[in-house]
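Below are the chains, spelled out letter by letter.
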Amino acid sequence: MTHPFLDLAPLSADRFASIEDRVARLLATEQDVVITQGEALLPLEGAIRGTAGPGTTALNVVTGPYGQTFGNWLRDCGATVYDLSVPYHTAVTADQVEEAFAEHPEIDFVSLVHAEAATGNTNPVAEIGEVVRERGALFYLDAVASVGAEPVLPDAWGVDLCVIGAQKAMGGPAGVSAVSVSERAWARMAANPRAPRRSYLSLLDWKERWIDGGRKALLHAPAQLEMLALEACLERIEEVGLDEVMARHRRAAAATRAGAAALGGGLEPYVHEASEAAPVATTLRAPSGIAASDLVTRALGTAPALPLAAGGGALAKEMIRVNHYGADATREAVEASLTALAAALTDHGTDVDVEAARRAVAEAWRR
C-alpha cells in the first residue's frame, strides 16, 4: 500500500531549524525557539518544571482551568504558590497583579494564560508584563489559544517563557508545539537542580544538545507529518498575513456576540465585557432552566461538525462555547452555529429571532 503520508523521508536538521525560525518570526522574537514533539502540554509542563523548585515563590493567575493546572504543577515542584483567581466571566487586571506583588514582594515567578478558550476570556498581557518586569520576576505565558487570534509578542511584553500550539487559531496540527525561551529563563533552568534532564520534558536538553550545538543534530527523530503540517500552516499565515488572520478572528468574535444578543431566547455572552472576550472562542450563558450541554447536544444532532461545545465540568450546565478559530473563523460558521442553537432553543419552547441574529452577524462582520 502506498500513500503520500507513508514512508516519508527523514526531516533534516536544517529543515527543522528553518521551521523554528518561522515560529520566531511569527512571534517577532529574538529569543530561542524550541519546537517540541508533542501537544502543548509538553512544553507547558516542561517550562514550569525546568524553572520552578522549592525556592520559587510563584504568583499563579487563574482565569480558567489551565491556570488551575499550572498551580498544581508549581506546587508539585515544591514552589510556594499564591493563586490570583478571578471569575471566569472577566479578566485579571495589571492592578490586581501589582497588589499581589505588594502583598508578597518575594514573588519571583508569574504564570498566566493569555486567552482561555475554555472560558472565553483574554488577559491584558502587555500591561501585566510591565508590572512583572518592574518586579524582576520570571514571566511564563500560555499563548496556545491566543496565537493567530490576537497579538503575541514575547519580547515586547517581557515574557520569558511563551508556549504556543498550532491547533487553534493558527489552524494547524495539534501534535507539535513551541516555546520561546529568554536568556533569564535558561539561566534559571541551569541553576535549578530539579530541572528535568535527559527527559522528554527537558528544555535544557534542547538547549545543550541542539541550540548550543548550532542546530546541527536533532535529539531524536521528529514527527515528520506534524512538522510538515506546522510548516504549511506557517506558510499559509505568511501568505495571507498575520494581521488578516487576527482580524478574521476578531470579526468572528464580534459577530457571535452580536448575533447571540439579537437572537434572544435568553442567550447572552458569558464574558461580560467585549474587551475581555477572547477572539479565539466566544462563550455564551445558557438561559435559566436549560442546561447548556442539552442545547449543544440538540444543536449538534443535525450538524455534528459545528464548532460548538458545552463548558467543561460544572460549566456544562451554564456555558456554551462557539469555537470560531482556524478554519471556523468565518461568518458562515458563526451563522450556522447560532442557527443550530436557535433550533435547540425552539425545541425547548423558547422564542428566538433567527433573522435578527443573521442581520446582526452580517453587520458585525462588515465592521
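Now for a quick tour of the structure. (Residues numbered from 1 in each chain as written. Predicted model: local features only at pLDDT ≥ 70, side-chain atom pairs only at ≥ 80, totals over all residues. Heavy atoms only, no water.)

A separate point is the nonpolar core. Grouped together as the largest cluster of nonpolar side chains are 79 residues, with contacts concentrated most on Ile35, Ile48, Tyr140, Leu161, Ile164 and Met170. With 7 residues, the single largest contributor to this core is helix α1 (residues 13-26). If we skip the residues at most four places from it in the chain, methionine 170 touches Leu26, Val147, Ile164, Gly165, Leu230, Cys233, Leu234, Arg236 and Ile237. (Core = buried A, V, L, I, M, F, W, Y, C linked by side-chain atoms within 4.5 Å. Buried < 20%, exposed > 50% of the residue type's maximum accessible area, 1.4 Å probe, protein only. Helix = DSSP H or I, 4+ residues; strand = E, 2+ residues; numbered from the N terminus. Contact = heavy atoms within 4.5 Å.)

Attention shifts here to the pattern of salt bridges. Pairs may arise between side chains of opposite charge once their charged atoms sit close together. This structure, assessed with the given rule, holds 19 salt bridges. The closest approach of N and O atoms between arginine 15 and glutamate 231, which form a salt bridge, is 2.8 Å. Of this pair, arginine 15 sits in helix α1 while glutamate 231 sits in helix α9 (residues 224-240), and the two are 216 residues apart along the sequence. A relative accessible area of 8% means that glutamate 231 is categorised as buried. In this structure, the salt-bridge partner of glutamate 318 is arginine 285, at a minimum N-O distance of 3.6 Å. Of this pair, glutamate 318 sits in the loop between β12 (308-310) and β13 (319-322) while arginine 285 sits in strand β11 (residues 282-285); the two residues are 33 residues apart in sequence, bridging distant segments of the chain. Take glutamate 318: its relative accessible area is 29%, and that puts it in the partly exposed class. For arginine 285, a relative accessible area of 22% corresponds to the partly exposed category. (Salt bridge = Lys/Arg side-chain N within 4 Å of Asp/Glu carboxyl O.)

Considering the arrangement of structural elements, one finds threonine 282 in strand β11. A relative accessible area of 4% places threonine 282 in the buried class. A polar atom in the side chain of threonine 282 sits 2.7 Å from the side chain of histidine 324. Not counting residues within four places of it along the chain, the set of residues in contact with threonine 282 comprises Ala253, Thr256, Arg257, Ile320, Arg321, Val322 and His324. (Polar contact = N/O pair within 3.5 Å; in protein donor to acceptor, adjacent residues only side chain to side chain.)

This part takes up empty space enclosed by the protein. In total, this model carries 1 cavity of 30 Å³ or more according to the counting rule given. Estimates place the volume of the largest cavity at around 40 Å³. Every element with two or more residues in the lining of the largest cavity is listed here: β8 (161-165) and β9 (177-181). When the residues that make up the lining of the largest cavity are grouped by side-chain class, the tally is 7 nonpolar, 2 polar and no charged. (1 Å grid on protein atoms, 1.4 Å probe; cavity = no way out; pocket = protein on both sides within 12 Å on 5 of 7 lines; lining within 4 Å. Points joined across faces, edges and corners; volume = space filled by probe spheres on them. Nonpolar A, V, L, I, M, F, W, Y, C, P; charged D, E, K, R; others polar.)

Read from one edge of the open sheet, 4 strands run β10-β11-β13-β12, paired in antiparallel fashion. Each edge of the open sheet carries a strand with a single partner, namely β10 (268-269) and β12. Across 4 bridges, the pairing between β11 and β13 is antiparallel. From the neighbouring strand, threonine 283 faces β13, where its bridge partner is arginine 321. Against the sheet, helix α10 (residues 242-263) makes contact with β10, β11 and β13, and its axis sits at roughly 15 degrees relative to β11, the strand it touches most. Lying over the sheet, helix α11 (residues 292-302) contacts β12 and β13, oriented at roughly 155 degrees with respect to β12. (Pairing = 2+ DSSP bridges. Axes fitted to C-alpha atoms, helices over the stretch in contact; angles between N-to-C directions.)

Here alanine 309 lies in strand β12. Given the relative accessible area of 18%, alanine 309 is considered buried. Between the C-alpha atoms of alanine 309 and threonine 283, which are 26 residues apart in sequence, the distance is 9.4 Å. Apart from residues lying up to four places away in sequence, alanine 309 is in contact with Val296, Met319, Ile320, Arg321 and Asn323.

By themselves, these are just geometric observations and shouldn't be taken as functional.
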